[in-house]
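Fold and contact review
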Amino acid sequence: MSKGVLIFALDGNFKYTSLAEIAAKRVKEFLNLPITLVVNTDYVDSGLIFDKIIKIESDIGQNRVLHDGLNSFTNIQWLNFTRCQAYDLSPYNQTLVIDADYLISSNHLSLCFDMNKDFLVFNSSFDLSENRRLNEFVDINPFSIQFYWATVFYFKKTPLNRVFFSFVEYIKNNWSYFCSLYQIKDPKFRNDFAFSIAIHVIFNHKVSKLFGFIPGKICYSIDKDTLIKVSGSKLSFLLTNTIDNKLQPVSVNNLDVHVMNKNSILRVINE
Amino acid sequence: MDPQVEKAYQVASIVATLSSQIRILNEEYNQTLLYYFNGGTFTANEQRLAFLFGLVNKKIESIVLLDDNQTPILVDDIKSFTTELLARYKEATNLMYYKHKKIMTSKTIESILDNV
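Residues numbered from 1 in each chain as written. Chains lettered and ligands numbered in written order. Predicted model: local features only at pLDDT ≥ 70, side-chain atom pairs only at ≥ 80, totals over all residues. Heavy atoms only, no water.

1. Structural notes on the interface of chain B and chain A
Stated precisely, the cut-off is as follows: Contacts are assigned to residue pairs that have any heavy atoms within 4.5 Å of one another. Defined here as a combined quantity, buried area equals the accessible surface (1.4 Å probe) lost by two parts on assembly, summed across both. Every case where a carboxyl oxygen of Asp or Glu lies within 4 Å of a side-chain nitrogen of Lys or Arg is listed as a salt bridge. Each polar contact in these results corresponds to two N or O atoms within 3.5 Å; when the atoms are within protein, one needs to be able to donate a hydrogen and the other to accept it, and residues that are neighboring in sequence are counted only if both atoms are side-chain atoms. What counts as a helix is a DSSP run of H or I of at least four residues, what counts as a strand is a run of E of at least two, and both are numbered from the N terminus. Note on residue classes: Ala, Val, Leu, Ile, Met, Phe, Trp, Tyr, Cys and Pro are nonpolar, Asp, Glu, Lys and Arg are charged, and everything else, Gly too, is polar.
Listed per partner, the contact involves 27 residues of chain B and 31 residues of chain A. Counting each side, the surface lost to burial between chain B and chain A is near 2,600 Å², with a carbon and sulfur contribution of 56%. The interface formed by chain B and chain A holds zero salt bridges in total. Across the contact surface, chain B and chain A share ten residue pairs in polar contact (both at pLDDT 80 or more). A per-element tally of the side of chain B that touches chain A places helix H2 (residues 14–32) of chain B first, with ten residues. By residue class, the composition of the side of chain B that touches chain A is eleven nonpolar, eleven polar and five charged.

Below, the structure written as structure tokens:
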């Protein structure tokens, strides 16, 4: 069975394709898997990193504020409506989908391909900072269902998974209805929320051959944190304490990290 | 060094840095403890190993075990499974010991971060 990694990089006023190049190089280094890139521009792979590039039409984007550390922020276009097409776009029978800002530093995720499950997601997370309690990554709201990450997920091409992705698209197309049904306050469409709702409905959170969890936790740093150095499998950050805005330097080794401060990734790699 | 990073290094507390790094080291340790067998996930912890040694002592050769996600997994050679799980436990704890020692004996924030 063919297996590979799928990365979505839809450029608006932020160059996700530049991020995807960095993420892809790390996939090659640590997972050694073929990579397909999904773009909305005439992107040319000058570094020959990607095995396949698929161009799609992107929907109208949303706007979101993206912090760059503590002191600056920008409004970026967020073209996140196409994740539900992963099933149809993927050229692989077994696909690992990662965000362009997910920096892989271990071979941990290669185990997804051997776990004998049809669909895998992370169900728990690890904030690199110990001084934050972000409940938004536990439940989609305090009175609703469990939160699952769409940052990294694995799926096989099976009939039920086709239904799953169709249902995510249905949720996307009826987002205001699902927002009120699941008491989601922020009306912006988020794949994490759509996946959480679809997992609730289709799999009922029950672990089976059809559905399971990626072992371990997804590590993340928020956009108010700054990536300051990358050296092999080691990533160094300045973490922000959201209570008193103090900065805490930390280093992480052999752990994959979802680095939400995308500007800092580009800055560090281009240095 | 970037002035913001330099300033952060100057004002950060060594105790807070140690605490943050030990917490991250624990997470790395938890990930290293994970062992994958026959589609199941098993954490190589003391409790599981003690149970497995009990089975080996009773000369039981194969058994169904519930993995970390409560999925039943057939283990047809308990002895070799136990050996593998123990090896994973030793690898994780040795790495933890080595890194923990290096971090705890570091005198500056820079050296703590270098020793991760």
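2. Focus on the packing of helix H1 (residues 16–30) of chain A against helix H6 (residues 262–270) of chain A
All names here are of chain A. So the rule is basically this: Helix axes are fitted to C-alpha atoms over the stretch in contact, other axes to C-alpha atoms as well, and angles between N-to-C directions run from 0 to 180 degrees. By convention, the crossing between two helices is left-handed when the near helix turns anticlockwise from the far helix through less than a right angle, and right-handed when the turn is clockwise.
H6 packs onto H1 with a crossing angle of 60° between their chain directions and a minimal axis gap of 10 Å. For the pair H1 and H6, the sense of crossing is left-handed. Two secondary-structure elements touch here, H1 through Tyr16, Ser18, Leu19 and Ile22 and H6 through Lys262, Ile265, Leu266 and Ile269. Taken together, the residues of the contact of H1 with H6 break down into six nonpolar, one polar and one charged.

3. Observations regarding the packing of H2(B) against helix H4 (residues 78–104) of chain B
Residue and element names in this part refer to chain B. The condition is simple: Each angle is binned into one of four classes, with values under 35 degrees roughly parallel, values over 145 roughly antiparallel, values of 65 to 115 roughly perpendicular, and all other values oblique.
Running from N to C, H2 and H4 cross one another at 170°; their axes reach a closest spacing of 9 Å. Considering the angle they form, H2 stands roughly antiparallel to H4. Along its contact with H2, which presents Leu18, Gln21, Ile22, Leu25, Asn26, Glu28, Tyr29 and Thr32, the element H4 presents Arg88, Tyr89, Glu91, Ala92, Thr93, Leu95, Met96, Lys99, His100, Ile103 and Met104. Split into classes, the residues belonging to the contact of H2 with H4 amount to ten nonpolar, five polar and four charged.

4. Examining the confidence of the model for chain B
Residue and element names in this part refer to chain B. Put simply, the test is: pLDDT runs from 0 to 100 and stands for how confident the predictor is about each residue.
When pLDDT is averaged along chain B, the result is 92, and 99% of the positions lie at 70 or above. Mean pLDDT per element in chain B: helix H1 (residues 3–11) is the minimum at 79, and helix H3 (residues 46–57) is the maximum at 97. Among the prediction metrics, the complex's ipTM stands at 0.86, with pTM recorded as 0.91.

5. Thoughts on the packing of aromatic side chains
All names here are of chain A. Applicable threshold: Ring pairs shown here join Phe, Tyr and Trp side chains whose ring centres sit within 6.5 Å, with only the six-membered ring taken for Trp; geometry is labelled stacked below 30 degrees between planes, edge-to-face above 60, and tilted in between. Each ring is checked for a lysine NZ or an arginine CZ that lies within 6 Å of its centre and within 35 degrees of its normal; such an atom marks a charge sitting over the ring.
Within this structure, the stated rule accounts for 38 aromatic pairs over all chains. Taken together, a centroid distance of 5.4 Å and an interplanar angle of 85° make the contact between Phe164 and Phe165 edge-to-face. An angle of 75° between the planes, with centres 5.2 Å apart, marks the rings of Tyr177 and Phe178 as edge-to-face. Lying across the ring of Trp78, Arg64 places its NZ or CZ 4.4 Å from the centre. For Arg190, the ring lying beneath its charged end belongs to Phe193, and the centroid distance is 4.6 Å.

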